[in-house]
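Residue-level structural notes
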Amino acid sequence: MSAKGPLLILSVDGGGTRGAIPANVLHHFEKDAGIPVRESFDFFAGVSTGALVAAYLARNSGSMELLAKQSYSAENMSKIFDKSVWDRLLGRMQNQPKYDGVNKRSYIDTLAEGSRINDIQDKHLLILAYDFINRELVTFKNNRGHDASYNPSLAEVCDAATAAPTLYPTVPSSAPKRRWLIDGALTTNDPSLCAITEALAMGHTLEEIWMVSLGTGRPVHDLGQEDRDKIGRASQDWGIVGWVANGLLDHMMSASSCVSSHQCQQLLGERYLRVNGELPRKLMQLDNTSDTRVSDLRSYAFLWFESSLEPMQKLLSAVSTVRQQFAAERSDQNLGAF
């Protein structure tokens, strides 16, 4: 074991309004299982809606109950995904982002309260965005790396990390050499693997890294062969409009999540817990904010909480044991120095 010791990472996927699921899963861990979420983890990583959850935790902005019941309420998300009169009338015929992003940035400003990424001192934070002009991954990290060197506001970071193409406008950075940023989910919708490599760059060994990764759902396999063939044949004629209308962005996000979770499982083995599950296809939309839909997402969050509670407790117990062993070894080494 290195001098760094064990590191427990919480990674949160993107998924638009489906972020209500990881927010509520964490709420249940905290309320129903008595697990102090922020205190339990050393490192928070997020992309897209997961960036909001990660920043909220790293900054210590409030309880998981507030995050789940207020930030991810139908009322608040309806304001964030707000359509103008022209949006409602013209729909996809309107050649501009579906939402103007004003309410999104306003709410993020409220949560961030003017804080900057390097104000976070006691936890590690990693948020991903994408510079679409230079085609580069942008890694926002507190007190590490060139994308934190100008100490951007958390609001700027989270606004850029949630600027999903077709849904929201691009976001300019405030760096001296300005970047034009969009949702990091375009690079990977699961930041877990990036968090592992960042932990290695920080000096931890792979054996010291533990992780809980929260997903935002995958569609249930409820289509018969006839229906799959019907969609498949139709897809052969889709162009840009057809693919966008049939969830191109979400397909890209789901694909990258599959790759990342597979690689993390291979790398970490029993030190990795993935909390994810199937959702009915009607719940997979990124921007559906109806009361019924949000209520359904909360119901699935509780089911995922119940199914993952035992492995979560087992992993936390194992991490606690390793931390105690590391502390004891460090104590013995210090005594031996005298």
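Look up a bit, the structure's there.
Let us look at the structure shown here. Quick caveat: nothing in here was measured; it's all calculated off a predicted structure.

1. Section: the overall build of the chain
Counting secondary structure elements, the chain contains 13 helices and ten strands. The buried share of the chain, taken over its 338 residues, is 49%. Considering only residue pairs separated by 6 or more positions, the chain has 76% of its internal contacts joining residues 24 or more positions apart. When the accessible surface of the chain is split by element, carbon and sulfur atoms take 52% of a total near 16,400 Å².

2. What about the packing of helix H3 (residues 49–59) against helix H4 (residues 64–71)?
Relative orientation of the contacting elements H3 and H4 amounts to 145°, with a least axis distance of 11 Å. Note that H3 runs across H4; the crossing there is right-handed. Residues Val-53, Tyr-56 and Leu-57 of H3 form the contact with H4, whose own contacting residues are Met-64, Leu-66 and Leu-67. Grouping the constituent residues of the contact of H3 with H4 by class yields six nonpolar, no polar and no charged.

3. A few points about a nonpolar patch on the surface
Together, Phe-132, Ile-133 and Trp-180 make up an exposed nonpolar region whose accessible area comes to about 290 Å². By the secondary structure assignment, Phe-132 is in the loop between strand E3 (124–131) and strand E4 (136–141).

4. Digging into empty space enclosed by the protein
Taken as a whole, this structure holds two cavities of 30 Å³ or more when the rule is applied. Taken as a whole, the largest cavity holds about 310 Å³ of empty space. For the largest cavity, the lining is made up of 25 residues, of which Gly-16, Thr-49, Leu-52, Phe-81 and Thr-162 are closest to its centre. Elements represented by at least two residues in the lining of the largest cavity include exactly H3, H4, helix H5 (74–80), helix H7 (102–112) and helix H12 (248–268). It is H7 that contributes the most residues to the lining of the largest cavity, four residues altogether.

5. Some remarks on the packing of aromatic side chains
One pass over the structure, following the stated rule, counts six aromatic pairs. Relative to Phe-305, the ring of Phe-29 lies with its centre 5.5 Å away and its plane at 75°, an arrangement referred to as edge-to-face. Of this pair, Phe-29 sits in helix H1 (residues 20–31) while Phe-305 sits in helix H13 (residues 291–336), and the two are 276 residues apart along the sequence. Just as Phe-29 is buried, Phe-305 falls in that class too. Relative to Phe-305, the ring of Phe-302 lies with its centre 5.8 Å away and its plane at 40°, an arrangement referred to as tilted. In this pair, Phe-302 and Phe-305 both sit in helix H13, three residues apart, roughly one turn of the helix. Judged by relative accessible area, which is 33%, Phe-302 ranks as partly exposed. Linked through ring pairs, Phe-29, Phe-302 and Phe-305 together constitute an aromatic cluster. Over the aromatic face of Tyr-168 sits the side chain of Lys-104, whose NZ or CZ is 4.8 Å from the ring centroid.

6. Some details on the packing of H1 against H4
Where H1 meets H4, the axes come as close as 8 Å, and the angle between the chain directions of the two elements is 145°. Between H1 and H4 the crossing geometry is left-handed. Seen from H1, the contacting residues are Ala-23, Asn-24, Leu-26, His-27 and Glu-30; seen from H4, they are Met-64, Glu-65, Leu-67, Ala-68 and Lys-69. Taken together, the residues that form the contact of H1 with H4 break down as five nonpolar, two polar and three charged.

7. Some details on the side chain of Arg-271
Relative to the elements of secondary structure, Arg-271 occurs in the loop between H12 and strand E9 (272–275). Although buried, Arg-271 forms no salt bridge, and the nearest oppositely charged side chain, Glu-207, lies 5.5 Å from it. Engagement of the side chain of Arg-271 in a polar contact is seen with the backbone oxygen of Ile-209, the distance being 2.9 Å. Apart from the residues lying within four places of it in its own chain, the contact partners of Arg-271 are Leu-206, Glu-207, Ile-209, Trp-210, Met-211 and Leu-315.

Criteria and thresholds
- Residues numbered from 1 in each chain as written.
- Predicted model: local features only at pLDDT ≥ 70, side-chain atom pairs only at ≥ 80, totals over all residues.
- Heavy atoms only, no water.
- Helix = DSSP H or I, 4+ residues; strand = E, 2+ residues; numbered from the N terminus.
- Buried < 20%, exposed > 50% of the residue type's maximum accessible area, 1.4 Å probe, protein only.
- Contact = heavy atoms within 4.5 Å.
- Areas by Shrake-Rupley, 256 points an atom, 1.4 Å probe, with all protein chains shown as cover.
- Axes fitted to C-alpha atoms, helices over the stretch in contact; angles between N-to-C directions.
- Left-handed = near helix turned anticlockwise from the far one by under 90°.
- Nonpolar A, V, L, I, M, F, W, Y, C, P; charged D, E, K, R; others polar.
- Patch = residues over 30% accessible without salt bridge, like charges linked within 9 Å, V, L, I, M, F, W, Y side chains within 5 Å.
- Salt bridge = Lys/Arg side-chain N within 4 Å of Asp/Glu carboxyl O.
- 1 Å grid on protein atoms, 1.4 Å probe; cavity = no way out; pocket = protein on both sides within 12 Å on 5 of 7 lines; lining within 4 Å.
- Points joined across faces, edges and corners; volume = space filled by probe spheres on them.
- Phe/Tyr/Trp six-rings, centres within 6.5 Å; stacked < 30°, edge-to-face > 60°.
- Lys NZ or Arg CZ within 6 Å of the ring centre and 35° of its normal.
- Lys, Arg positive; Asp, Glu negative; His and termini not counted.
- Polar contact = N/O pair within 3.5 Å; in protein donor to acceptor, adjacent residues only side chain to side chain.

Taken by themselves, the reported measurements are silent on function.
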